[in-house]
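Spelled out from the first residue to the last, the chains are:
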Amino acid sequence: MQRQLIAIDLDGTTLNEESKLSSLTVRTLRELNKRGHVVTIATGRPYRSSAGIYEELGIRRPMINYNGALCHFPGRTWSEGYHESLRRDIALELLDQQDKLAIDLMLIEGEDQLYSRRLSFGDEDAKREGSATIGIYDWMRLEERGILSRETVFRDPTALLLLSQREHQRTIEENVNQIFGDYIDVKTWGGEAPVLEVVRHGIHKAIGVDRVARYYQIDAKNVIAFGDEQNDLEMLDYAGTGVMIANGNSALQSVADEVTEYSNNEDGLARFLIDRFKLEF
């Protein structure tokens, strides 16, 4: 078999409902890496909240964060990497309209900083914001956060996270697109409690996956991509084999070539790969 590039989303796809890697998933991905295939993480998360997963897998390959806004090789200088930021003035204008747009909480993500108007999150917020969002805060030391204001955000951010009640999300997305649509794209990620993420217009995971594929001289037809949410749509469409996890958003069915038999909580990704590559443990 020709070398394959295996691009894996994290939340709702590779990780189970507890946002953890199963032992079967780790063994499967490591075995494929050992056989010469390329396994790359493509996630909406910042690197800070996915670095532990990267280390746990122990597979040293390039990584895609912020839904394709950052493509890098952790721990190395990599000439093929890139960082596509969002215009600062757009972030500040959206901040000014936060209440009008019914956004409960807005976070501004930089490559090394996170800005919020809150430094702690109660149980009710945690329940509403979902497990993927909780993961954003677990790894953060207090001093790494900054209070969000026009004065503290002095660089172009990488992405914006918009948190709200579920029933308001569609309206927020439509309104944000109506105001800033020529400059931004709104992605959805976060599993059971989706988070709206704003990135630079034209940015998506497929851009990063293509960059990694070209680096390893792997044709798109030999790319297998796994996802569960709308932020995975372009990546699944780009891949020679786009795979939707059984628990995935039905919006992906239009581009997915296959759907796993099992969910993310049942090792759906690992079982699919074991069958595809005829692995034995």
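For the structure, see preceding data.
Please read all numbers here as calculations on a predicted model, not as lab measurements.

Engineer: Mind showing me how you'd approach the packing of aromatic side chains here?
Structural biologist: Aromatic ring pairs are reported here in terms of the distance separating the ring centres and the angle at which the planes meet. A complete count under the given rule lists four aromatic pairs for this structure. Taken together, a centroid distance of 6.1 Å and an interplanar angle of 80° make the contact between Phe73 and Trp78 edge-to-face. An identical accessibility class is assigned to Phe73 and Trp78; each is buried. A ring pair is formed by Tyr215 and Tyr216, whose centres lie 4.9 Å apart and whose planes are at 85°; its orientation type is edge-to-face. Of the aromatic side chains, those joined through ring pairs into one cluster are Phe73, Trp78, Tyr215 and Tyr216. The lysine or arginine in question, Arg87, covers the ring of Tyr183, its NZ or CZ lying 4.6 Å from the ring centre. The ring of Tyr262 carries the charged tip of Arg271 above its face, separated from the ring centre by 4.0 Å.

Engineer: For this particular structure, what's the right way to read a negative patch on the surface?
Structural biologist: A cluster of acidic residues, Glu17, Glu18, Glu261 and Glu266, forms a negative patch on the protein surface. Position of Glu266 among the secondary structure elements: in the loop between strand 14 (258–259) and helix 9 (268–276).

Engineer: Just to check I follow, could you spell out the nonpolar core for this structure?
Structural biologist: Within soluble globular proteins, side chains that are nonpolar tend to cluster in buried spots. By size, the foremost hydrophobic cluster in this structure holds 50 residues, and its most contacted members are Ile8, Phe226 and Leu273. If we ignore the near neighbours within four places in the chain, the residues touching Ile8 are Thr14, Leu29, Val39, Thr40, Ile41, Ala42, Leu57, Phe226 and Leu269. Core analysis: the second largest hydrophobic core is formed by 20 residues, Ile103, Tyr115, Leu162 and Val176 among them.

Engineer: What am I meant to see in the pattern of salt bridges here?
Structural biologist: Pairing between side chains of opposite charge can happen when the charged atoms of each approach one another. Counted according to the given criterion, the structure contains eleven salt bridges. A salt bridge links Asp210 to Arg214; its shortest N-O distance comes to 2.8 Å. A residue pair is termed a helical-turn pair when its members lie 3 or 4 positions apart in one helix, as Asp210 and Arg214 do in helix 7 (residues 205–215) at four residues. A single network of salt bridges, built from pairs that share partners, joins Asp9, Lys205 and Asp232.

Engineer: How do you make sense of the sheet that holds strand 3 (residues 63–65) when you look at a structure like this?
Structural biologist: Sheets are built from strands that pair by backbone hydrogen bonding, the pairs being arranged parallel or antiparallel. Spatially, 3-4-5 is the arrangement adopted by the three strands of the open sheet, whose pairing is antiparallel. Looking along the sheet, the strands with just one partner apiece sit at the ends: strand 3 and strand 5 (82–83). Along the sheet face, helix 7 touches strand 3, strand 4 (70–72) and strand 5 and points at about 165° away from the line of strand 3.

What counts, and where the lines are drawn
- Residues numbered from 1 in each chain as written.
- Predicted model: local features only at pLDDT ≥ 70, side-chain atom pairs only at ≥ 80, totals over all residues.
- Heavy atoms only, no water.
- Phe/Tyr/Trp six-rings, centres within 6.5 Å; stacked < 30°, edge-to-face > 60°.
- Buried < 20%, exposed > 50% of the residue type's maximum accessible area, 1.4 Å probe, protein only.
- Lys NZ or Arg CZ within 6 Å of the ring centre and 35° of its normal.
- Patch = residues over 30% accessible without salt bridge, like charges linked within 9 Å, V, L, I, M, F, W, Y side chains within 5 Å.
- Areas by Shrake-Rupley, 256 points an atom, 1.4 Å probe, with all protein chains shown as cover.
- Salt bridge = Lys/Arg side-chain N within 4 Å of Asp/Glu carboxyl O.
- Lys, Arg positive; Asp, Glu negative; His and termini not counted.
- Charge placed at Lys NZ, Arg CZ, Asp CG, Glu CD.
- Helix = DSSP H or I, 4+ residues; strand = E, 2+ residues; numbered from the N terminus.
- Core = buried A, V, L, I, M, F, W, Y, C linked by side-chain atoms within 4.5 Å.
- Contact = heavy atoms within 4.5 Å.
- Pairing = 2+ DSSP bridges.
- Axes fitted to C-alpha atoms, helices over the stretch in contact; angles between N-to-C directions.

Remember, this is a structural readout, not a statement about activity or role.
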